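Survey of secondary and tertiary structure
If you want the building blocks of each chain, they are given just below.
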Amino acid sequence: MTSDPRLFAFIGVAALLTILPGADMALVTRNVLALGRRRTTLTILGICAGCVIHATASAVGISAILATSATAYNVVKTIGAAYLVWIGIQSIKSARRPSPVAAPNNLPPRTGSLGAFLQGFLTNVLNPKVAIFYLTFLPQFISPGEPVLARSLLLASIHIAMGLVWLTAYAWFIDRLGVVLTRPAVKAWLERVTGGLLIALGARLAWERR
């Protein structure tokens, strides 16, 4: 069985992007504090369900784009690399600003199981940046001649599984060690480190030949 360098590269980059603080982690933080860890698990499942919809739609789109021409492939790949750099820059800029404190009182006091799920689902499925992410990111890890649709869905499934594991673990940590993990200094450090790495990875992907 031969190793797949592109798959290993994807796993590394996807793992880094998964732990990058964003809207999903902010929602999970808020819901752990407001609803408890058990109902937050439903929020996490809603987030993953939104990712499944985006990933499936984007995978079909990727198939059409890559089937068009090598030029289209390279254009999408370049956009994807630029997107990684942009995320890195935004992460570093965000680390310089004071972190907003989660406000549990903004949530309905009696949010039920369905409400907790829908919060995660709607936050994700109504975010166009998620669709753009899959559309521009996945083609960088698909080799010429590979079945594009099957490969895209495989990569998306890996990313979604990582998100499920990470957000579940993150919710547990927030529940147990929320005071430490939500300190502005800790969050700013994580954003600076991941931001710098994303910029470096984006630059490398931009110069990498097909």
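The structure presented is a predicted model; accordingly, all values stated were derived computationally and were not measured.

**Some thoughts on the overall build of the protein**
When its secondary structure is counted, the protein shows eight helices and zero strands. Going residue by residue from the N terminus, the α and β elements of the protein occur as α-α-α-α-α-α-α-α. Taking all contacts inside the protein whose residues are at least 6 apart in sequence as the whole, residues at least 24 apart take part in 88%. Accessible area of the protein: about 11,400 Å², with a carbon and sulfur share of 68%.

**Here's the deal with the state of the cysteines**
Taken as a whole and judged by the stated rule, the model has zero disulfides. We note that C48 lacks a disulfide partner, and the nearest cysteine sulfur, in C51, lies 6.1 Å from it. Its relative accessible area of 10% is what places C48 among the buried residues.

**Quick notes on the packing of helix α2 (residues 23-35) against helix α5 (residues 113-125)**
Look at α2 against α5: their axes get within 11 Å of each other, and the N-to-C directions meet at 165°. Here α2 is positioned roughly antiparallel relative to α5, judged by the angle of their axes. When you trace α2 past α5, the crossing you get is right-handed. Facing α2, whose interface residues are D24, L27, N31 and L35, α5 presents A116, Q119, G120, T123 and N124.

**So, the packing of aromatic side chains**
Scanning all chains against the criterion turns up eight aromatic pairs. Among the aromatic residues, ring-to-ring pairing joins F10, F133, Y134, F137 and F141 into one connected group.

**Quick look at the confidence of the model for the protein**
Of the residues in the protein, 76% reach a pLDDT of 70 or more, and the chain-wide mean stands at 77. Within the protein, helix α1 (residues 5-18) carries the highest mean pLDDT (88), whereas helix α4 (residues 70-95) carries the lowest (72). A low-confidence stretch, residues 101-109 (pLDDT under 50), is modelled with 13 contacts involving residues beyond four sequence positions or located in other chains.

**So, α2**
Between the first and last C-alpha of α2 there are 17 Å, a value that for 13 residues agrees with the 18 Å anticipated at 1.5 Å per step. For α2, the complete set of buried residues consists of M25, L27, V28, T29, N31, V32 and L35.

**What about the environment of R176?**
Inspection of the secondary structure puts R176 in helix α7 (residues 148-181). Between the alpha carbons of R176 and R37 there is a distance of 9.9 Å; along the sequence they are 139 residues apart.

**Quick notes on a nonpolar patch on the surface**
The grouping of L114, L118, L122 and L126 at the surface amounts to a nonpolar patch, some 400 Å² of accessible area in total. Among the structural elements, L118 can be located in helix α5. According to the relative accessible area criterion, L118 is partly exposed, its value standing at 34%.

**Description of α1**
Over its 14 residues, α1 extends 20 Å from the first C-alpha to the last, a length consistent with the 20 Å expected when each residue adds 1.5 Å. If you check the start of α1, you find a side-chain oxygen 3.2 Å away from the backbone N of R6, and it comes from D4.

**Things to note about the pattern of salt bridges**
Throughout the structure, instances matching the rule amount to three salt bridges. The partner of D4 in a salt bridge is R151, and the shortest N-O contact between them spans 2.9 Å. Within this pair, whereas D4 is found in the segment before α1, its partner R151 is found in helix α7, the two being separated by 147 residues in sequence. What makes D4 partly exposed here is its relative accessible area of 22%. Note that E146 is salt-bridged to R151, the shortest N-O span being 3.5 Å. Accessibility expressed as a relative area gives 23% for E146, which makes it partly exposed. Several salt bridges converge on common partners, so that one network encompasses D4, E146 and R151.

**Looking at the side chain of T29**
Mapping T29 onto the fold places it in helix α2. Polar side-chain contacts of T29 include one of 2.8 Å to the side chain of Y170.

Thresholds, definitions, all that
Residues numbered from 1 in each chain as written. Predicted model: local features only at pLDDT ≥ 70, side-chain atom pairs only at ≥ 80, totals over all residues. Heavy atoms only, no water. Helix = DSSP H or I, 4+ residues; strand = E, 2+ residues; numbered from the N terminus. Contact = heavy atoms within 4.5 Å. Areas by Shrake-Rupley, 256 points an atom, 1.4 Å probe, with all protein chains shown as cover. Disulfide = S-S within 2.5 Å. Buried < 20%, exposed > 50% of the residue type's maximum accessible area, 1.4 Å probe, protein only. Axes fitted to C-alpha atoms, helices over the stretch in contact; angles between N-to-C directions. Parallel < 35°, antiparallel > 145°, perpendicular 65-115°, else oblique. Left-handed = near helix turned anticlockwise from the far one by under 90°. Phe/Tyr/Trp six-rings, centres within 6.5 Å; stacked < 30°, edge-to-face > 60°. pLDDT = per-residue confidence, 0-100. Expected span 1.5 Å × (residues − 1). Patch = residues over 30% accessible without salt bridge, like charges linked within 9 Å, V, L, I, M, F, W, Y side chains within 5 Å. Salt bridge = Lys/Arg side-chain N within 4 Å of Asp/Glu carboxyl O. Polar contact = N/O pair within 3.5 Å; in protein donor to acceptor, adjacent residues only side chain to side chain.

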